[in-house]
Amino acid sequence: MGNPVEGIGTVGVVGAGQMGNGIAHVFAVAGYDVVMSDLEQDRVDAALAAIEGNLQRQVNRDLLGAEDSVAALGRIRGTTDMADFGDCDLVIEAAAEIEDLKKTIFRKLVEVVPERAILASNTSSISITRLATVTDRPERFMGIHFMNPVPVMKLVELIRGIATDEATFDTMRAVVASLGKEAASAEDFPAFIVNRVLVPMINEAVYTLYEGVGTVQSIDTAMKLGTNHPMGPLELADFIGLDTCLAIMNVLHDGLADTKYRPCPLLVKYVEAGWLGRKTGRGFYDYRGDAPVPTR
Ligand code: NAD
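Residues numbered from 1 in each chain as written. Predicted model: local features only at pLDDT ≥ 70, side-chain atom pairs only at ≥ 80, totals over all residues. Heavy atoms only, no water.

What follows covers the pairing of strand β4 (residues 90-93). The alternating pattern of β4 places Leu90 and Ile92 on one face and Val91 and Glu93 on the opposite face, and all of these are buried. Relative to β4, strand β1 (residues 10-14) runs parallel, the two sharing four bridges. From the neighbouring strand, Gly12 faces β4, where its bridge partner is Val91. In this sheet, strand β5 (residues 118-121) lies alongside β4 in parallel orientation, the contact comprising four bridges. Across the sheet, the residue bridging to Val91 is Leu119, located in β5. Once the chain exits β4 it traverses helix α4 (residues 99-112) before rejoining the sheet at β5, and the crossover so formed is right-handed. (Buried < 20%, exposed > 50% of the residue type's maximum accessible area, 1.4 Å probe, protein only. Helix = DSSP H or I, 4+ residues; strand = E, 2+ residues; numbered from the N terminus. Pairing = 2+ DSSP bridges. Right-handed = clockwise from strand over helix to strand, strands pointing away.)

Moving on: helix α10 (residues 242-256). Three or four residues apart is the spacing at which side chains of an α-helix point the same way, because the helix has 3.6 residues per turn. Taking 1.5 Å per residue as the helical rise, α10 with its 15 residues ought to reach 21 Å, and the 21 Å between its terminal C-alpha atoms agrees with that figure. If you check which residues of α10 are buried, you get Leu242, Thr244, Cys245, Leu246, Ala247, Ile248, Met249 and Leu252. Buried residues in α10 make contact with α7 (194-210), α9 (233-240) and α11 (265-273). One or two residues past the end of α10 sits Ala257, with phi positive at roughly 50 degrees. (Expected span 1.5 Å × (residues − 1). Contact = heavy atoms within 4.5 Å.)

Surrounding the ligand, one finds 25 residues, the nearest of these being Asp38, Arg43, Glu97, Lys102 and Ser124. Note that an oxygen atom of the ligand is positioned 2.9 Å from one of the backbone N or O atoms of Met19. Glu97 has a polar side-chain atom sitting 2.5 Å from an oxygen atom of the ligand. Contact with the protein chains removes 88% of the 840 Å² of surface that the ligand exposes when unbound. Mapped by element, the contributors of at least two residues to the shell around the ligand are α1 (18-29), α4 and β6 (141-146). In terms of residue count, the dominant contributor to the shell around the ligand is α4 (three residues). Two domains each put at least three residues into the shell around the ligand: domain 1 (10-186) and domain 2 (200-294). (Near = heavy atom within 4 Å. Polar contact = N/O pair within 3.5 Å; in protein donor to acceptor, adjacent residues only side chain to side chain. Areas by Shrake-Rupley, 256 points an atom, 1.4 Å probe, with all protein chains shown as cover. Domains from an automatic or database assignment.)

Below you can see the structure in the form of C-alpha cells.
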C-alpha cells in the first residue's frame, strides 16, 4: 500500500452507496482522511457500518492489521452537509448514474471546495467533458472509474476530459498507485473501455433470456463454465445493479447512435419493477431467502 500522494491529504466522496463506501474504504486504508456524504444520515450510517464489516473481513483474511483497520475507520467522517467538503484536495462523486444529478452535485461542489481541489467522477459511462463544463475547473476534472467491489478489484480506469491537464492526470495516476491499484487510461467516449465491452454482453444475455434461448440458470452456467468467467452475466448484472446497467446501455445507445446498443425490453421491465438486483433483494435472482433463486 503506497503513502498518500503529496498535496492530497483529504478526499471527499459524494454518495455513500456501494461504490462510494468502497472508495472511502480504500482511501482511508491508504492513509488519506476521508469525508463521505449522502443525502440522509441513515444512508451515511449504513455506509459506515458496511465499511466496518468489510474492513473486518480484510482483517479476518490477514489482508489488513487490526490496528490499521481501526485507524482507517477513524479517518472517515460521514456527513449530509456538502459544506464539509471545504478542506478537500480531491472530491470523487459516486452518486447515481444520472447526468443531471451529477451536474447538480458538481455545481454545488465548486461553491464549497478550495480552488486547488481536483474534482472527479466515478461515472460508469457519462461524458467527463460534459460533466466538467458545469465546473469552474475543467482542467482539474477527471474520470476515476473504480470497479465493484472496490476493496477487492485491482483496476481503476482513468478518463481524461478534453480539457484535463497533464498535472491533474499525473496526480490521479499517482493516487491510484497509492491505493495499491492499477490504472488503465481510456479516452472520453461513451462507457470508456470496461463497460463498452462488458455491458453490451450483459444486455445480450438479457436478450437471450427474453427470447427464451435459455433460462437464468442455463445462461449463467453456460457463460461461467463455457468462457471461464467467475460469475455469469445475469448474476453479474444483479451485482452491478440493473438500473446502472440500463443507464449505461442508454448512454451507449444515445452517444453512439447505433441500434446494436438498444437496451433489452426485459432489462427495462426489471428496472421499472424496482427489481434492481442484490441491492434491492431481487433482480434476475431473488436474494431474500438463504440461497439465490432465479426469478425466471
Ligand atoms: P448506489 O445507488 O448504491 O449509491 C448511490 C448513492 O448516492 C445513494 O446512496 C444515494 O442516496 C446517493 N446520492 C444521490 N444523490 C446524492 C447527493 N446529491 N449527494 C450525496 N449523495 C447522493 O449506486 P452505486 O452502485 O454506488 O453507483 C454510484 C456511481 O458509481 C454511479 O455513477 C455508477 O455508474 C458508478 N459505478 C457503479 C459500479 C457498480 O458496479 N455498481 C461500478 C463502477 C462505477
